[in-house]
Amino acid sequence: MIRIAVVVLSLLAAALPAGAQERIGVVASFSILGDFVRSVGGDRVAVTTLVGPTGDVHVYTPSPRDAKQIADAKLVVVNGLGLEGWLPRLVQSSGGKATIVTVTKGIKTREADKDGEAHGHSHGDDEHTDPHAWQSVPNARIYVANIRDALIAADPAGEASYRANTEAYLAKLDALDRDVREQVAKIPPTARKVISTHDAFGYFADAYGITFIAPQGVSTESEVSARDVARIIKQIRASKIPAVFLENISDPRLIQRIAAETGAKIGGTLYSDSLTAENGDAPTYIDMVRHNIRTLTSALAG
Ligand SMILES: [Zn+2]
C-alpha cells in the first residue's frame, strides 16, 4: 500500500515541470501589475492577469474563469484607488482565501482634476482619486517594493530571490526615470502640452512636467459631452497645442475628430492602462514608458 502511494506521488511529481509544485499562484488585476509581479517573482511565481493586453481595466466584466483563478491563487495583486470597481464582488464570489495586496499602499495620491471630478464615475471612497499612479516611474518603485514584501510574506523561503530580483528591477527603473527626464528636457518648455483621450497621465505630468489635457475624466466609464469637446478644441487653439494622442485602450474617433477640427496633428498612440501582447510596442512596463516618451518627444520636440 505504501509502495503504491509512493509510486503515485512520484508519478504526480514527474508530471509537473521542475519546480512547478512550489510556485506561488498570483493573480494580477491587469497587465501592468502582472509584469511587475513577474519581474519580482521570477521563477517562483505563476502569474495570471485578469484584464489582458489592450484590455480596459476600468470597465471589465469578469468571467467564471476569473473567479476560478482567484479561488486558486495565494495572492491577488490589485491597484486599488477605485481602479478595479468590479473586483470586490469577484473576490467575494470566488470564495477563495487569497490575500489581497493593494500595491499603491504608501503612494502619495493625486486628486482627479476638476473635469475628472465632474465626470469620473469611479467607485466608493476613491471617487476623487486618480488611480493611474503607475505612470510615474518613482511610483512604480513603490509598487514593486509592495509586491516584494507581499511575496516574501507569502513565501518566506523565496526571500533572497525576491530581494535580488527587486534590486535588479529597481536599477532598471532608475535608469528609465533618468531617460524620461533627459527626453523631456529635449522638448521646448512651451511645447510640453499634450491632449490625450482620458485623464490617465496625471502622475506622469506631475513627475515630469508635461501638461496633459483630456476630454474624458480619470475613468473611461465617463461620457464625453459636447461641452468637453468644445472646451478642448478651444484650449488647443488658444494654447497652440501642436499634437494630440490616441490611446491603446480607447476609441480613436474622438481624438481624430478633435484633430480634424483643430488641425493639430495626431502624434501617435500612448499606452495608458494596458500593455500590448508580446509582439506589440509595449509588452512590458519599461517598454511602455519608453514607447510613450519616444512618441511624445518625436511629436513635440521637432
Ligand atoms: Zn485609465
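Looking at an unreviewed UniProt entry, the chain carries the name Metal ABC transporter substrate-binding protein, with the source organism given as Rhodopseudomonas telluris. Word for word, the UniProt comment on the chain under Sequence similarities (unreviewed entry) is "Belongs to the bacterial solute-binding protein 9 family." You can read under Subcellular location (unreviewed entry) in the UniProt record for the chain the words "Cell envelope".

Novice: When you look at the coordination of the zinc ion in this model, what are you seeing that I'm missing?
Specialist: Ideal values for angles at a metal depend on the geometry: 109.5 degrees with four tetrahedral donors, 90 or 180 degrees with six octahedral donors. Coordination of the zinc ion by the protein comes from His 58 (NE2), His 132 (NE2), His 198 (NE2) and Asp 273 (OD), over a distance range of 1.9 to 2.0 Å. The coordination sphere of the zinc ion comprises 4 donor atoms, whose angles at the metal cover 93 to 119°; the geometry is tetrahedral. All donors to the zinc ion come from one chain, and their sequence spacing reads H-x73-H-x65-H-x74-D. With a gap of 75 residues between them, His 198 in the loop between strand 5 (193-195) and helix 8 (202-208) and Asp 273 in the loop between strand 8 (265-270) and helix 11 (285-300) connect regions that are remote in the sequence. For Asp 273, a relative accessible area of 1% corresponds to the buried category.

Novice: Can you walk me through the packing of helix 7 (residues 159-185) against helix 11 in this structure?
Specialist: Packed helix pairs are specified by the crossing angle of their axes together with the interaxial distance, meaning the distance between the axes. Running from N to C, helix 7 and helix 11 cross one another at 5°; their axes reach a closest spacing of 10 Å. As the angle between them shows, helix 7 and helix 11 are arranged roughly parallel. Where helix 7 abuts helix 11, its residues Tyr 169, Lys 172, Leu 173, Leu 176, Asp 179, Val 180, Gln 183 and Val 184 lie against Tyr 285, Ile 286, Val 289, Arg 290, Ile 293 and Thr 297. Partitioning the contact of helix 7 with helix 11 into residue classes produces 9 nonpolar, 2 polar and 3 charged.

Novice: Any chance you could explain the environment of Ala 28 here in plain terms?
Specialist: Mapped onto the fold, Ala 28 is located in strand 1 (residues 24-30). Classification of Ala 28 as buried rests on a relative accessible area of 0%. Between the C-alpha atom of Ala 28 and that of Ile 100, which follows or precedes it by 72 residues, the distance is 10.0 Å. With residues near it in sequence (within four places) discarded, Ala 28 still touches Leu 33, Gly 34, Thr 48, Thr 49, Leu 50 and Val 77.

Novice: Looking at this model, I keep getting lost on the confidence of the model for the chain. Mind explaining?
Specialist: Predicted coordinates in areas of low pLDDT are best not read in detail. For the chain, per-residue confidence averages 89 on the pLDDT scale, and residues scoring 70 or more make up 88% of the total. Scored below 50 in pLDDT, residues 115-125 shows 18 contacts in the model against residues more than four places distant or in partner chains.

Quick notes on the rules
- Residues numbered from 1 in each chain as written.
- Predicted model: local features only at pLDDT ≥ 70, side-chain atom pairs only at ≥ 80, totals over all residues.
- Heavy atoms only, no water.
- UniProt positions renumbered as here; feature names shortened; annotations may be inferred.
- Donors = N, O, S within 2.8 Å, 3.2 Å for Na, K, Ca; no water.
- Tetrahedral: all angles 85-135°; square planar, octahedral: opposite > 155°, others 65-115°.
- Helix = DSSP H or I, 4+ residues; strand = E, 2+ residues; numbered from the N terminus.
- Buried < 20%, exposed > 50% of the residue type's maximum accessible area, 1.4 Å probe, protein only.
- Axes fitted to C-alpha atoms, helices over the stretch in contact; angles between N-to-C directions.
- Parallel < 35°, antiparallel > 145°, perpendicular 65-115°, else oblique.
- Contact = heavy atoms within 4.5 Å.
- Nonpolar A, V, L, I, M, F, W, Y, C, P; charged D, E, K, R; others polar.
- pLDDT = per-residue confidence, 0-100.

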